[in-house]
2 protein chains.
Amino acid sequence: MRDRASQLELARSKSGECACGNLRKAARAVTQVYDEVLRPTGLRVTQFGILGTTMAMEPVTVTRLADSTVTDRTTLTRNLKLLEKRGLIRVQMGNDRREREVTLTAQGREALASGLPLWQKAQTRVVQGLGEERWNALREGLSAVVSLARAT
Amino acid sequence: MRDRASQLELARSKSGECACGNLRKAARAVTQVYDEVLRPTGLRVTQFGILGTTMAMEPVTVTRLADSTVTDRTTLTRNLKLLEKRGLIRVQMGNDRREREVTLTAQGREALASGLPLWQKAQTRVVQGLGEERWNALREGLSAVVSLARAT
DNA sequence: GAACAATAGGTGTATATACTCTCACTCATG
DNA sequence: CATGAGTGAGAGTATATACACCTATTGTTC
């Protein structure tokens, strides 16, 4: 059963089981819901999320923010640049001059506060659609997956 | 309690709860595991997944493949182009000349078969790390999320 | 205190993703 | 069969993502 043909049969039968594929698929699907709802704000869910996390951690360095969101540091650098260009965040040198400290601007806080009801709308749609119980289970599963992947 | 300050307090407290943010975070984390393991094949998990899905559905049109993977059609077009350039798939005109039919090449089947053990390694790491039971619950939750998002 | 390791960050390049717009083709309808 | 609606696909543009490599600063060790 180790010949090429049976390997291919195996691949065919397993093509829908990939943990990564299923996670990415769900992320794409849900991203479209949130992006659609957030559209009036001119922000995507990724950007809105960075604003929220920054709010919760500020002042915060690029690396700490990247760790917290499980994003590559260089990815975050580029995402931050877009928000900075729009005047929603400030990125300035820290005491340790290797570090950059990220903070929200007044405009950024405004954008976050005014987008919150829209975010809540999308969130409610998903959470109620799943049901609280299922949502809690999913949330826990996602959290476990992240820990597991990071530990590797 | 509807003033700006309390809105911001709310945003701060909810910044970790976002369904979309959590899904995307988990997808990033797991993608790194799979991409790392698949590295010897020169394929990323996205590409490997497209090969697998194509295998299961071939011959398949671009739109049907896009629907099945919950990917925007234009995204898939670009992903397919990379695989075509490497000679792993063939994209040719269908009987309905608007359609493009995607099939695996011999080289594509070879890549899929030879990458399968590596994929299995990553998959096992995640599934066993979570435990079968939790993994099944997660899988079901992801599936529900996709249905829900698509229905919108 | 000079040399080197360690840490924080950015650039170049490549893939992944989706929206808008456009083109090509098919089909239904008169 | 002409014409317009509907369908399948690609191009232009912009964001999201990460790896390899690089620079600047800090800390450590002799």
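Calculation rules
Residues numbered from 1 in each chain as written. Chains lettered and ligands numbered in written order. Predicted model: local features only at pLDDT ≥ 70, side-chain atom pairs only at ≥ 80, totals over all residues. Heavy atoms only, no water. Pairing = 2+ DSSP bridges. Helix = DSSP H or I, 4+ residues; strand = E, 2+ residues; numbered from the N terminus. Contact = heavy atoms within 4.5 Å. Axes fitted to C-alpha atoms, helices over the stretch in contact; angles between N-to-C directions. Buried area = accessible area lost by both parts, 1.4 Å probe. Salt bridge = Lys/Arg side-chain N within 4 Å of Asp/Glu carboxyl O. Least-squares fit on C-alpha atoms with pLDDT ≥ 70 in both. 1 Å grid on protein atoms, 1.4 Å probe; cavity = no way out; pocket = protein on both sides within 12 Å on 5 of 7 lines; lining within 4 Å. Points joined across faces, edges and corners; volume = space filled by probe spheres on them. Nonpolar A, V, L, I, M, F, W, Y, C, P; charged D, E, K, R; others polar.

**Student:** Quick question: what am I supposed to make of the sheet that holds strand S3 (residues 100–104) of chain A here?
**Tutor:** Pairing between sheet strands relies on hydrogen bonds along the backbone, with the strands arranged either parallel or antiparallel. Residue and element names in this part refer to chain A. A sheet is described by the order of its strands in space; here three strands give the open sequence S1-S3-S2, paired in antiparallel fashion. What marks the edges here is a single partner per strand, and that holds for strand S1 (60–61) and strand S2 (89–93). Both S2 and S3 contribute to a ladder of five bridges, which runs antiparallel. The partner of Gln92 across the bridge, within S3, is Glu101. Those strands touched by helix H3 (residues 45–57) are S1, S2 and S3, and its axis lies near 105° from that of S3.

**Student:** Is there a simple way to explain the interface of chain A and chain B in this structure?
**Tutor:** How big an interface is tends to be expressed through the accessible area that disappears when the partners come together. Opposite the 62 residues of chain A that make contact, chain B presents 62 residues. Both sides of the chain A and chain B interface together cover about 5900 Å² of buried area, and 70% of this is carbon and sulfur. Ranking the residues of chain A by area buried against chain B places A:Leu8, A:Met55 and A:Leu148 at the top, with a combined share of 9%. Residue B:Arg134 is joined to A:Glu140 by a salt bridge in which the shortest nitrogen-to-oxygen separation is 3.4 Å.

**Student:** What should I look at first to understand the relation of the copies chain A and chain B in this one?
**Tutor:** The operation relating the pair of chain copies consists of a rotation about an axis and a translation along that axis. Mapping chain A onto chain B leaves a residual RMSD of 0.0 Å; the transformation is a rotation of 180° accompanied by 0.0 Å of translation along its axis. Each copy turns onto its partner about a two-fold axis. Minimal C-alpha distance to the rotation axis in chain A is attained by A:Leu138, lying at 2.8 Å. Interface overlap between copies is the fraction of interface residues in one copy that are interface residues in the other; for chain A against chain B it reaches 100%, indicating a shared surface.

**Student:** Would you mind going over the layout of surface pockets with me for this structure?
**Tutor:** The probe, sized like a water molecule, is rolled over the atoms to show the empty space still left. What the second largest pocket holds in volume is close to 260 Å³. As for the second largest pocket, its lining consists of 14 residues, of which A:Ala29, A:Gln32, B:Val70, B:Ala149 and B:Arg150 are closest to the centre. Considering each element in turn, the lining of the second largest pocket owes the most residues, five residues, to helix H2 (residues 19–38) of chain A. Its residues assigned to classes, the lining of the second largest pocket comprises five nonpolar, three polar and six charged.

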